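# Topology and contacts: notes
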Amino acid sequence: MIQQKKSNNLYGPVAVKYENAPTGRMRYQTPEVDDEKCIQCMMCTMNCPCDCLFLSNENKLQIRYDYCKGCGICANTCFQKAITLRQNEG
Amino acid sequence: MNREILDGNSAAAKAISLCDVSVIAAYPITPQSAMVEELAEIYRHRDENYKFVCVESEHSAISYVTSSELAGARSTTATASVGLAYMHEVLGVTGGCRVPVVMPIVNRALVAPWSLWCDHQDSMAERDSGWLQFYAENAQEVFDCIIMGYRIAESKEILLPMMVCMDGFYVSHAMQKVDMMEAENVKEFIGAFEPKNLFLDVNHPMFINNLTSADEFTEIRFQQESAFRKALTKIPEIMDEFNQKFHREYHMIEAYCLEDAEEVLIGIGSMCGTIRKVVKDLRKKGRKAGMLKILTFRPFPAEQIRTALAGKCRVGVIDRSAGLGQKKGITASEVSAALNGSSTEVVSFIAGLGGRDISEQTIENAFDILQRQEMLPLEKVFLDKKENAMQIREWEE
């Protein structure tokens, strides 16, 4: 079995860990959660195609902005209208 | 050392078989078919460590080869003309992922008009795909460039794929004597295949060719560019090593009677043999003719060309592709850029399109233009064009 000697640098487009592919950088609108309105029904977490919404230890809904592409599905599935989409500036 | 009479296609097949290539995926296309047939025959007799795959297209061939090389097997394919154009999408992947495939290309014209014959447009169209490009003059150079190619492409500083281009029929089907070398010497020179960069391994997973935003795209292109820059210094070193081991001398550019020359032609590929002959004849007549051959088109040896042509007044460059819509041909533009700021005038000649022979007469005409005309033409000159180019078809209603 051929094995590769591990070197320090790899060249070209490659992700060797999850953080190497931060797709959130192409987002043009940003979802924001209103904690007052959110009842933690978890509808948004089930529908997010990128698994970017999760409950924090303090039981608050949070968003992984490194990977959120701003598709808006969470805002559209929220019964409480607790998620709003803020347009990015510029 | 054994010596055989081979055409360019066989020389490429023999070189590939000596280089311990494990996987070949290829689709036959004129004028490359004979090479694939010969490789299929060689690989039919090999054990299960070697694989010859019949794929359904060139797009699949290069995809197969790129992936199998990423999985740790030295792999190759070969193609020509529209086959290379069909590979275009994946050529960028091979180059961008820095997969050091060495691929022979048999130059043939691109459509339209449909043509089976020699023209450099197919590989010239891929000059920015992130591949190294060598243009071989004869079967011996095809053989040697492939052997050197593996050392160059797979060297840690470069890691770029490489095209070894030969002129369709003029090189691919013309029988010549080729000096071969022993398999163990070749093995010693190029070494066993060892993955040095991206590598598919279940124990150390990698996500190769992921979507990359503007945040990192420029950096990855710069990595490629710096590999081309390193190649400019690394290639002469490897050519030198090749010469020491096998006693055949190669340089990125080759000068012939250049030192005191007053009229210089620059060529690429098989036309250089004819130019050399014409230079020899003109020298006998007392004219100071000279030639410069470009072997490596990518990376383009701009500095070397500038040094070699220092002090020359008039230089002609023959392109075997039309370079449509440009003031000068493709090679001529690159040479002009290399000479930018110097007083050398560059004349662009187009000749030998779609298989037309670049004869001694054609080359003499080019030298005559360089020598006799007071005002050199600023736009490209179609050297061997017929007078009635615009009236070759008449249609009466």
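Residues numbered from 1 in each chain as written. Chains lettered and ligands numbered in written order. Predicted model: local features only at pLDDT ≥ 70, side-chain atom pairs only at ≥ 80, totals over all residues. Heavy atoms only, no water.

## Details of the overall build of chain B
Counting secondary structure elements, chain B contains 12 helices and 16 strands. A globule of 397 residues ought to have a C-alpha radius of gyration of about 21 Å, and chain B, at 21 Å, matches this closely. Its C-alpha atoms give chain B principal-axis dimensions of roughly 70 × 60 × 55 Å. Split into buried and exposed, the 397 residues of chain B put 56% on the buried side. By sequence separation, contacts in chain B at least 24 residues apart represent 80% of the contacts at least 6 residues apart. Accessible area for chain B stands at about 17500 Å²; split by element, carbon and sulfur atoms hold 51% of it. Taking the average place of the 42 positive charges on the side chains of chain B and the average place of its 57 negative ones, the gap between the two points comes to 4 Å. (Helix = DSSP H or I, 4+ residues; strand = E, 2+ residues; numbered from the N terminus. Rg over C-alpha atoms; globule rule 2.2 N^0.38 Å. Buried < 20%, exposed > 50% of the residue type's maximum accessible area, 1.4 Å probe, protein only. Contact = heavy atoms within 4.5 Å. Areas by Shrake-Rupley, 256 points an atom, 1.4 Å probe, with all protein chains shown as cover. Lys, Arg positive; Asp, Glu negative; His and termini not counted. Charge placed at Lys NZ, Arg CZ, Asp CG, Glu CD.)

## Re the interface of chain B and chain A
In this complex, chain B contributes 25 residues to the contact, which on the side of chain A involves 19 residues. A buried area of about 1900 Å², summed over both sides, lies between chain B and chain A, and 55% of it is on carbon and sulfur atoms. For the interface between chain B and chain A, the tally reads 6 residue pairs in polar contact (both at pLDDT 80 or more). Of all elements in the fold, only β9 (207-208) and α8 (214-246) of chain B reach the threshold of two or more residues within the side of chain B that touches chain A. (Buried area = accessible area lost by both parts, 1.4 Å probe. Polar contact = N/O pair within 3.5 Å; in protein donor to acceptor, adjacent residues only side chain to side chain.)

## Some remarks on helix α12 (residues 360-372) of chain B
All names here are of chain B. End to end, α12 covers 18 Å across 13 residues, agreeing with the expected 18 Å (1.5 Å per residue, within 8%). Taken as a whole, α12 has its buried residues at T362, I363, A366, F367, D368, I369 and L370. Contacts made by the buried residues of α12 are with β11 (263-267), α9 (271-284), β12 (289-294), β14 (314-319), β15 (345-350) and β16 (381-382). (Expected span 1.5 Å × (residues − 1).)

## Here's the deal with the sheet that holds β16 of chain B
Residues and elements named next belong to chain B. Strand order across the open sheet formed by 6 strands is β10-β12-β11-β14-β15-β16, with mixed pairing between neighbours. Two strands in the sheet have a free side with no partner beyond their single neighbour: β10 (253-256) and β16. As paired elements, β10 and β12 share 4 bridges and run antiparallel to each other. When the bridges of β12 are listed, A255 appears paired with L292. (Pairing = 2+ DSSP bridges.)

## Regarding the pattern of salt bridges
All names here are of chain B. For the structure shown, the criterion picks out 27 salt bridges over all chains. A salt bridge links R276 to E254; the nearest nitrogen and oxygen atoms lie 3.0 Å apart. Pair noted here: R276 is in helix α9 and E254 is in strand β10, with a separation of 22 residues, a long-range link. Since its relative accessible area comes to 28%, E254 is described here as partly exposed. With its nearest N and O atoms 3.5 Å apart, the salt bridge here joins E360 to K277. Taken together, the residues span a long stretch of sequence, with E360 in helix α12 and K277 in helix α9 at a distance of 83 residues. For E360, a relative accessible area of 35% corresponds to the partly exposed category. It is possible to trace a salt-bridge network through shared partners that takes in E137, E141, E254, R276 and K293. (Salt bridge = Lys/Arg side-chain N within 4 Å of Asp/Glu carboxyl O.)

## Overview of the pairing of strand β6 (residues 132-135) of chain B
Residues and elements named next belong to chain B. Here β6 shows two buried faces, one formed by L132 and F134 and the other by Q133 and Y135. For β6 and strand β7 (residues 162-167), the ladder comprises 4 bridges, and the chain directions are parallel. Following the sheet pairing, Y135 is matched in β7 by C165. With helix α6 (residues 139-154) bridging β6 and its parallel neighbour β7, the resulting β-α-β unit is right-handed. Direction of pairing for β6 relative to strand β13 (residues 296-298): antiparallel, over a ladder of 2 bridges. The residue bridging F134 from the neighbouring strand is T296, located in β13. (Right-handed = clockwise from strand over helix to strand, strands pointing away.)

## Topic: helix α1 (residues 8-18) of chain B
All names here are of chain B. Of all 11 residues that make up α1, 10 are buried, and the element is covered over most of its length. Among the residues of α1, those classed as buried are G8, N9, S10, A11, A12, A13, A15, I16, S17 and L18. Phi turns positive, to about 55°, at D20, one or two residues after α1.

## Quick word on the packing of aromatic side chains
Residues and elements named next belong to chain B. A complete count under the given rule lists 7 aromatic pairs over all chains for this structure. Here Y135 and F297 contribute two aromatic rings whose centre-to-centre distance is 6.1 Å and whose plane-to-plane angle is 85°, an arrangement assigned as edge-to-face. Placement of the pair is Y135 in strand β6 and F297 in strand β13, with a sequence separation of 162 residues. A residue is classified by how much of its surface remains accessible, and Y135, at 1% relative accessible area, is buried. Their ring planes at 80° and their centres at 5.6 Å tell us that F297 and F300 sit as a pair that is edge-to-face. Judged by relative accessible area, which is 0%, F297 ranks as buried. (Phe/Tyr/Trp six-rings, centres within 6.5 Å; stacked < 30°, edge-to-face > 60°.)

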